[in-house]
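One-letter residues, chain by chain:
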Amino acid sequence: NTNMGGGTAAKEHPVEYFCASTLAAVVNYPLWRASALGQSGFRVCLAGANPLISNAASSFPALVPYFYAFSPPYKGMMATVMGMSWARAAIF
């Protein structure tokens, strides 16, 4: 059983596909978080952040959502990553 690309089908390697989907979701979670913040219209402030990050954020205000997305707390991360992993695994 092969897919259109001529390789093996995902059904033959479900663990590998799910692990790859989970890794992709973990790597992309901060970018998803920054995108969700931007689309929702929230304004992010870095009160109490590391002075190095605060200085960088004041120099590049457009990057503040990304600084915030890569920093804790990671509320909802597990549910989001699991949902993204399941969706990617189901698609591929």
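Residues numbered from 1 in each chain as written. Predicted model: local features only at pLDDT ≥ 70, side-chain atom pairs only at ≥ 80, totals over all residues. Heavy atoms only, no water.

Peer 1: Hey, could you run me through the overall build of the protein chain in this one?
Peer 2: A count of helices and strands for the protein chain gives 4 helices and 0 strands. Along the protein chain, helices (α) and strands (β) appear in the sequence α-α-α-α when read from the amino end. Buried positions account for 18% of the 92 residues belonging to the protein chain. Intrachain contacts of the protein chain at a sequence separation of at least 6 include 69% that bridge at least 24 residues. (Helix = DSSP H or I, 4+ residues; strand = E, 2+ residues; numbered from the N terminus. Buried < 20%, exposed > 50% of the residue type's maximum accessible area, 1.4 Å probe, protein only. Contact = heavy atoms within 4.5 Å.)

Peer 1: Just to check I follow, could you spell out helix 1 (residues 14-40) for this structure?
Peer 2: Within an α-helix, residues lying three or four positions from one another point in the same direction, as the helix has 3.6 residues per turn. Remark: the principal bend of helix 1, roughly 45°, maps to asparagine 28, with a proline, proline 30, within the next four residues. Looking at helix 1, one finds that the buried residues are Ser21, Ala25, Tyr29, Pro30, Arg33, Ala34 and Leu37. Looking at the buried residues of helix 1, the elements they touch are helix 3 (64-69) and helix 4 (77-91). Once helix 1 finishes, glycine 41 follows within two positions and takes phi at roughly 90°, a positive value. (Bend = angle between axes of the 7 residues up to and from the residue.)

Peer 1: Before we go on, may I ask you to explain helix 4 in this structure?
Peer 2: Taking 1.5 Å of rise per residue, 15 residues should cover 21 Å, and helix 4 covers 21 Å from first to last C-alpha, within 8% of that figure. When helix 4 is considered as a whole, its buried residues turn out to be Thr80, Val81, Met84 and Ser85. Looking down the long axis of helix 4, one finds its buried residues gathered within 130° of arc, a one-sided arrangement. In helix 4, the exposed residues that point more than 90 degrees away from the buried face are Met78, Ala79, Trp86 and Ala90. (Expected span 1.5 Å × (residues − 1). Arc of directions from axis to C-beta.)

Peer 1: Where do I start with a nonpolar patch on the surface in this structure?
Peer 2: A contiguous nonpolar surface patch, about 500 Å² in accessible area, is contributed by Leu31, Phe60, Leu63, Tyr66 and Phe70. Of note, phenylalanine 70 is situated in the loop between helix 3 and helix 4. (Patch = residues over 30% accessible without salt bridge, like charges linked within 9 Å, V, L, I, M, F, W, Y side chains within 5 Å. Areas by Shrake-Rupley, 256 points an atom, 1.4 Å probe, with all protein chains shown as cover. Salt bridge = Lys/Arg side-chain N within 4 Å of Asp/Glu carboxyl O.)

Peer 1: Could you clarify how one ought to interpret the side chain of arginine 33 in this entry?
Peer 2: The topology assignment puts arginine 33 in helix 1. For the buried arginine 33, no salt bridge is present, and the opposite-charge side chain at shortest range is glutamate 16, 30 Å distant. With residues near it in sequence (within four places) discarded, arginine 33 still touches Tyr68, Ala69, Ser71, Pro73 and Tyr74. (Lys, Arg positive; Asp, Glu negative; His and termini not counted.)

Peer 1: Explanation requested: the side chain of serine 21 in the structure shown.
Peer 2: One can find serine 21 in helix 1. If near-sequence neighbours (up to four positions away) are discounted, serine 21 is found in contact with Ser85, Arg88 and Ala89.

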